[in-house]
Amino acid sequence: MAQNAYRYQDLATALPEQPTTPSAKKVRTKKRYQAAVWTKRERGLVIFMASIVLLLMMGTVATTVTMQRVDAQNEQISQKVTNVKEENDSYRGDIQSKTNRDNLEKVAQSANMEQSTNNVRNVNQ
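Being a predicted model, the structure only gives us computed values, none of them experimental.

**Section: a nonpolar patch on the surface**
And then number 1: On the surface, Val-53, Leu-54, Leu-55, Met-57 and Met-58 cluster together into a nonpolar patch covering about 500 Å² of accessible area.
And then number 2: Structurally, the position occupied by Val-53 is in helix α3 (residues 40-98).

Given below as structure tokens:
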């Protein structure tokens, strides 16, 4: 048996090599996978998450529309406030011109009145 050990070859080296020619192409087979079957829990989870995402999207759109409406109302109110301030400034100018000492003397002369310091009261308080 020891004599047979010298002639021993394993099967990989004992097989004759096959020539690689262009006509002998390897055929590749595509592996086709079947879709996994979803469980009821997975389906429920997907439906639940999709509904949450849908609600969040609708909430975002509603919030945006509401904010635009509020911004428009704020703009209108600030425009009204600006108009009232301008009117107040013009009224102050009219009051200053009408309460001017020269104007008061003209009005007093036209009404046959005179200005005296004896009957003047301080009404600034």
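**Quick notes on the pattern of salt bridges**
And then number 1: Overall, the coordinates contain two salt bridges when judged by the stated rule.
And then number 2: We note a salt bridge from Asp-89 to Arg-92, for which the minimum N-O separation is 3.2 Å. With Asp-89 and Arg-92 both in helix α3 and three residues apart, the pair spans about one turn of that helix.
And then number 3: For Asp-89, a relative accessible area of 49% translates into the label partly exposed.
And then number 4: Between Arg-101 and Glu-105 there is a salt bridge, with its nearest N and O atoms 3.7 Å apart. Taken together, the positions of Arg-101 and Glu-105, both in helix α4 (residues 101-110) and four residues apart, correspond to about one turn of that helix.
And then number 5: Judged by its relative accessible area of 53%, Arg-101 is exposed.

Reading the values: the criteria
- Per-chain numbering applies: the sequence of each chain, read as written, is numbered from 1 onward.
- Totals for whole chains, interfaces and linings use all residues, but because this is a predicted model, local features are given only for residues with pLDDT of at least 70 and pairs of side-chain atoms are given and counted only at 80 or more.
- Side-chain measures were taken over the full set of non-hydrogen atoms in the model, leaving aside hydrogen atoms and water.
- Nonpolar side chains (Val, Leu, Ile, Met, Phe, Trp, Tyr) within 5 Å and like charges within 9 Å form the patches, drawn only from residues with over 30% relative accessible area and no salt bridge.
- All accessible areas in this document rest on Shrake-Rupley with a 1.4 Å probe, and a residue is counted as covered only by the protein chains that are shown.
- In what follows, salt bridge is the name for a side-chain nitrogen of Lys or Arg lying within 4 Å of a carboxyl oxygen of Asp or Glu.
- Helix numbering and strand numbering both begin at the N terminus, where a helix is a DSSP run of H or I of at least 4 residues and a strand a DSSP run of E of at least 2.
- Relative accessibility under 20% of the residue-type maximum defines a buried residue, over 50% an exposed one, and the middle range a partly exposed one, all with a 1.4 Å probe and only protein chains included.

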